[in-house]
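So the chains spell out like this:
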Amino acid sequence: MLCFIITNHLPIIKFFREIRQKLVEENRIGKYLIYAVGEILLVVIGIIIAVSLGEWRQHVNDGNEVMTFYNDLAIDLHQDKLRLNEYVKRYEN
């Protein structure tokens, strides 16, 4: 899967490499620096989005675990109640 993602983005990488080389060859260092800062910002934004999605998914999973715990607890309490009622009936007779 990772190989597919990397090879799928090679034309994009080549495109950006050509832009960087053109800016350096034309001696446009100012524009090159602006371009470089923009590229760094895009990477940082991508990382922030990925981390945010990971935290959101973990929060959803935590909520699901809590609901599973409460459901299991309710089932256990119901079963305990049924057992206690059986014990009470046995000892009353």
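Quick notes on the rules
- Position numbers for residues start from 1 in each chain and track the written sequence from start to end.
- Residue-level local features of this predicted model are given only where pLDDT is at least 70; pairs of side-chain atoms are given and counted only at 80 or more, and the full residue set underlies all totals for whole chains, interfaces and linings.
- By convention in this description, side-chain values take in all heavy atoms of the structure and omit both hydrogens and water.
- pLDDT measures how confident the predictor is about each residue, on a scale from 0 to 100.
- Throughout, a residue-residue contact means that at least one pair of heavy atoms, one from each residue, lies within 4.5 Å.
- Centre distance within 6.5 Å is the pairing criterion for rings of Phe, Tyr and Trp, where only the six-membered ring of Trp is used; planes under 30 degrees apart are then read as stacked, over 60 as edge-to-face, and the remainder as tilted.
- Type-normalised accessible area, obtained with a 1.4 Å probe on protein chains alone, sets the label of each residue: buried when under 20%, exposed when over 50%, and partly exposed for intermediate values.
- Think of a salt bridge as a Lys or Arg side-chain nitrogen and an Asp or Glu carboxyl oxygen that are within 4 Å of each other.
- Comment: elements are numbered from the N terminus, with helices defined as DSSP H or I runs of at least four residues and strands as E runs of at least two.

Draft legend 1. A look at the confidence of the model for the protein chain. Taken residue by residue, the protein chain gives an average pLDDT of 82. The fraction at 70 or more is 87%. Note that residues 1-6 has pLDDT below 50 and, in this model, 0 contacts with residues that lie over four places away or in other chains.

Draft legend 2. Representation of the packing of aromatic side chains within the structure. Enumeration according to the criterion identifies 1 aromatic pair in this entry. Ring plane angle 55 degrees and centroid distance 5.8 Å describe the contact between Phe 69 and Tyr 70, whose orientation is recorded as tilted. Phe 69 gets classed as exposed once you look at its relative accessible area, which sits at 52%.

Draft legend 3. Region of interest: the pattern of salt bridges. Across all of its chains, the model carries 1 salt bridge by this definition. Salt-bridge contacts for Arg 83 lead to Asp 80; the nearest nitrogen and oxygen are separated by 3.4 Å. Here Arg 83 and its partner Asp 80 are both found in helix 3 (residues 29-92), 3 residues apart, which amounts to about one turn of the helix. The exposure class of Asp 80 is partly exposed, given its relative accessible area of 36%.

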